[in-house]
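# Remarks on the overall topology
Take a look at the letters that make up each chain.
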Amino acid sequence: MTVPAERDAPLYMEFRNNTLLPALFGRHDAHLARIEQRLGVRLSSRGNRMMIAGPEAQTQAAQAAILTLYQRLERGEPVGPGEVDGAVRMAGEGRLRTDPENPRLPLADLPSIRTRRGAIVARGGTQAFYMEVMAAHELVFALGPAGTGKTYLAVAQAVAMLQAGRVERIVLSRPAVEAGERLGFLPGDLREKVDPYLRPLYDALYDMLPADQVMKRLASNEIEIAPLAFMRGRTLANAFVIMDEAQNTTAVQMKMFLTRLGEGSRMVVTGDLTQVDLPPGTRSGLRDALETLEGVSGIGVVRFRNSDVVRHPLVGRIVDAYDARLAAQQEIRTEAAEPRPRGRRMAAQDSDGTGK
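Nothing here was measured: the structure is a model prediction, and the numbers come from that model.

## Remarks on the overall build of the chain
- Across its full length, the chain carries twelve helices and twelve strands.
- Intrachain contacts of the chain at a sequence separation of at least 6 include 69% that bridge at least 24 residues.
- For the chain, the computed accessible surface area is about 19,100 Å², with 51% contributed by carbon and sulfur atoms.

## A word on the sheet that holds strand β12 (residues 299-303)
- With respect to topology, six strands assemble into an open sheet ordered β9-β8-β10-β11-β7-β12, the strand pairing being parallel. At either margin of the open sheet sits one strand with a lone partner, and together these are β9 (223-225) and β12. Taking the axes of each pair of neighbouring strands and ignoring which way they run, one obtains an average angle of 15° across the sheet.
- Where strand β7 (residues 139-143) and β12 come together, five bridges link them in parallel fashion. Directly across from V140, in β12, lies its bridge partner G300.
- On top of the sheet, helix α5 (residues 125-136) reaches β7, β11 (266-271) and β12; it is set at about 170° to β12, its chief contact.

## Some details on the confidence of the model for the chain
- Overall, the predicted model of the chain reaches an average pLDDT of 80, with 79% of residues at or above 70.
- Low confidence marks residues 3-7, where pLDDT is under 50. Its contacts with residues over four positions away, or in another chain, come to six contacts.
- Low pLDDT, under 50, characterises residues 97-112; the stretch is placed with 29 contacts to residues that sit more than four places away or in other chains.

## Concerning the pattern of salt bridges
- Applying the stated rule across the entire model yields 15 salt bridges.
- Put simply, R16 and E74 hold a salt bridge, and the shortest N to O gap is 2.9 Å. Taken together, the positions of R16 in the loop between β2 (11-14) and α1 (21-25) and E74 in helix α3 (residues 56-74) put the pair 58 residues apart, joining distant regions of the chain.
- The salt bridge involving E222 is made with R217; its shortest N-O contact spans 3.2 Å.
- E222 gets classed as partly exposed once you look at its relative accessible area, which sits at 28%.
- Connected via shared salt-bridge partners are R34, R38 and D85.

## As for the nonpolar core
- By size, the foremost hydrophobic cluster in this structure holds 37 residues, and its most contacted members are Y130, V155, L172, L205 and I242.
- Here the element with the most residues in this core is helix α6 (residues 150-163); it accounts for eight residues.

## Structural notes on the side chain of E83
- Relative to the elements of secondary structure, E83 occurs in helix α4 (residues 81-92).
- On the basis of relative accessible area, E83 is assigned to the buried category, the value being 18%.
- Residues within four places of E83 in sequence aside, it is in contact with L69, R72, P78 and R123.

## Remarks on unusual backbone geometry
- Its identity is not glycine, yet D29 carries a phi of approximately 60°, on the positive side.
- Here D29 shows up in the loop between α1 and α2 (30-39).
- Look at D29 and you get partly exposed, because its relative accessible area is 39%.
- You will see that N238, though not glycine, has its phi angle at about 50°, which is positive.
- Positionally, N238 belongs in the loop between β9 and β10 (239-243).

Cut-offs used in this document
Residues numbered from 1 in each chain as written. Predicted model: local features only at pLDDT ≥ 70, side-chain atom pairs only at ≥ 80, totals over all residues. Heavy atoms only, no water. Helix = DSSP H or I, 4+ residues; strand = E, 2+ residues; numbered from the N terminus. Contact = heavy atoms within 4.5 Å. Areas by Shrake-Rupley, 256 points an atom, 1.4 Å probe, with all protein chains shown as cover. Pairing = 2+ DSSP bridges. Axes fitted to C-alpha atoms, helices over the stretch in contact; angles between N-to-C directions. pLDDT = per-residue confidence, 0-100. Salt bridge = Lys/Arg side-chain N within 4 Å of Asp/Glu carboxyl O. Buried < 20%, exposed > 50% of the residue type's maximum accessible area, 1.4 Å probe, protein only. Core = buried A, V, L, I, M, F, W, Y, C linked by side-chain atoms within 4.5 Å.

What follows is the structure, encoded as structure tokens:
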């Protein structure tokens, strides 16, 4: 399919099925423009041939990304902006091969997760690692900024295991502290009280299951909403348990939650330690758990970075800007806390030995 050339010379690709090219290129070649922008290459096509021009490393990454997207289309899977960004990210990290006979697929060793949007695939190396860790560990901590897919992929793994019969139910939990109100003072029954806090989890469920199946499984308790405050004393067996926004738990709450894990269960705890909404002076249970448990056998920890954000590219830049501001504020506080040097007169007296 490809013919490698000398260093920094263009690469050429040839496609067997012309009918797939409109979906590969995107409307008004939007997918090609996205690849050009992300990787700094130039793409041009004529008929079923494409030329990739640019520095060698970038052209090879573009070639790997385009080949991966083309193979998705050959398998009948959709290609949209998210898939393009994911392929570019994976190719830039060197996680994709250009050998069409032996492609390295990020999810080759995981169950295929079919949703209304098709198969869910990793959109970066950290996401691929996250999926591998969830498949291999009973308890996983996922840390990082918003938009990295921590919660979404946890729900995807939970749905896959439920559909495969590897767990009997999904249990969703999240501390309800953002509104500063106690659940008892909120209107409605238990589910109506906690629904606003669990909306991101519901959104992910509706992406992966038809609405009628979600409602049916909620009614039968195959998918259970379990407020953190009401989990004390329970043992969650044969379940996939997800705790979202775990940075807003206290140390006591986190210990109580982690010790609910029963036989045949998996647990994923997600959170962002830069977004703690607890009262001042209250230690985050997520931070406490990491310091206590990291390195314990059977526990996996995945740390996402700002560069792993897979939402709009502007989100990553927003997170970077806030982190830079926080770092500057911490530096100012550190300098203010340092002892001040003695005045010039005192220093001069010390130097001449008079002490006057």
